[in-house]
Amino acid sequence: MHLKTSRNIKKNNVKITLLSAASLLIVLALGLTVTPIGTRLSDKIKNSFSERILSHFKLEEVEWRETSSSNLSFKITSELLWKTSGLIKGQPLFEIKLGELEKRILTLPWISAVQIQTKLTSGLSVQYEVYRAHAIGIRNHKPWLISSDGKWITTLEPGDWKMADLPLIAGFENISEALSWLESFDRVMSSQGMQVHEII
């Protein structure tokens with residue numbers, strides 16, 4: 001692509017096209033090919049320029065947002081998310097690999113899904129979904145939280161007193177079958193003003 005300014009100089013019948021510094025910066029920013037004096041700018045120069053521009057964008061903030069509330073929401077704090085993510089304020093924004101970041105956040109056993117977006121020009125938006133504990137089951141002689149779709153979430157931790165009212169499931173080989181039975185039975189008990197606490 002040839003760019004011409006409104007000012008040209010003729011010398012010895014040779015027409016010299018002048019490119020202003022501002023025009024050159026615009027062309028480089030747009031990633032266009034320039035041929036001043038018939039010479040194509042190398043991709044190396046353009047890439048180097050783009051890298052310098054992108055390096056100026058730093059991570060200043062992260063919006064942590066849970067998509068919907070769960071009875072395990074209290075397990076996730078912004079401090080825990082920052083620590084697990086490995087993110088540092090001030091690091092180059094466009095050097096953050098979103099796929100790897102998602103994997104790190106998913107190492108938290110209570111989180112079931114993550115969606116990450118870059119917010120130009122200084123932040124990230126992280127939306128996450130937390131499992132809902134539906135029951136407590138015994139696995140390897142330890143109490144585990146079980147989600148509504150039958151997933152063994154993680155073991156109960158000291159301080160998980162909020163989970164004390166969940167029904168305890170034991171003696172079932174098929175957890176999904178047990179949860180289905182529990183759901184049906186719970187509806188019947190709830191209609192009678194009672195609550196299921198244990199199924200053996």
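Now for a quick tour of the structure. (Residues numbered from 1 in each chain as written. Predicted model: local features only at pLDDT ≥ 70, side-chain atom pairs only at ≥ 80, totals over all residues. Heavy atoms only, no water.)

### A few points about the nonpolar core
Grouped together as the largest cluster of nonpolar side chains are 27 residues, with contacts concentrated most on Leu72 and Ile105. Of all the elements in the fold, those that place two or more residues in this core are β3 (61-66), α4 (98-105), β4 (111-119), β5 (123-130) and β6 (133-139). Here this core takes four residues from β5, the largest share from any one element. Apart from residues lying up to four places away in sequence, Leu72 is in contact with Trp110, Val130, Tyr131, Ala133, Leu145, Ile153 and Met163. (Core = buried A, V, L, I, M, F, W, Y, C linked by side-chain atoms within 4.5 Å. Buried < 20%, exposed > 50% of the residue type's maximum accessible area, 1.4 Å probe, protein only. Helix = DSSP H or I, 4+ residues; strand = E, 2+ residues; numbered from the N terminus. Contact = heavy atoms within 4.5 Å.)

### As for the pairing of strand β7 (residues 142-147)
Sheet topology note: the β6/β7 ladder contains six bridges and is antiparallel. By the bridge assignment, Ala135 is partnered in β7 with Ile146. Linkage of β6 to β7, two consecutive antiparallel strands, is achieved through a turn of two residues, within which Asn140 is found at a positive phi near 50°. Across two bridges, β7 lies against strand β8 (residues 152-155) in antiparallel orientation. Note that in β8 the partner of Trp144 across the bridge is Thr155. Between β7 and β8, which follow one another and run antiparallel, lie four residues, and Gly150 among them has a positive phi close to 85°. (Pairing = 2+ DSSP bridges.)

### Some points on the sheet that holds β4
Adjacent strands of a sheet form backbone hydrogen bonds with each other and so pair up, either parallel or antiparallel. The strand order across the open sheet built from three strands is β3-β5-β4, with neighbouring strands paired in mixed fashion. A single partner strand is all that each edge strand has here, and the edge strands are β3 and β4. Within this sheet the neighbouring strands show an average axis-to-axis angle of 20°, counted without direction. As defined by bridge partners, β4 adjoins β5 across eight bridges and the pair is classed as antiparallel. Bridging from a neighbouring strand, Val114 pairs with Tyr128 of β5. Most of the contacts of α4 go to β4, to which it runs at about 150°, and overall it touches β3, β4 and β5. (Axes fitted to C-alpha atoms, helices over the stretch in contact; angles between N-to-C directions.)

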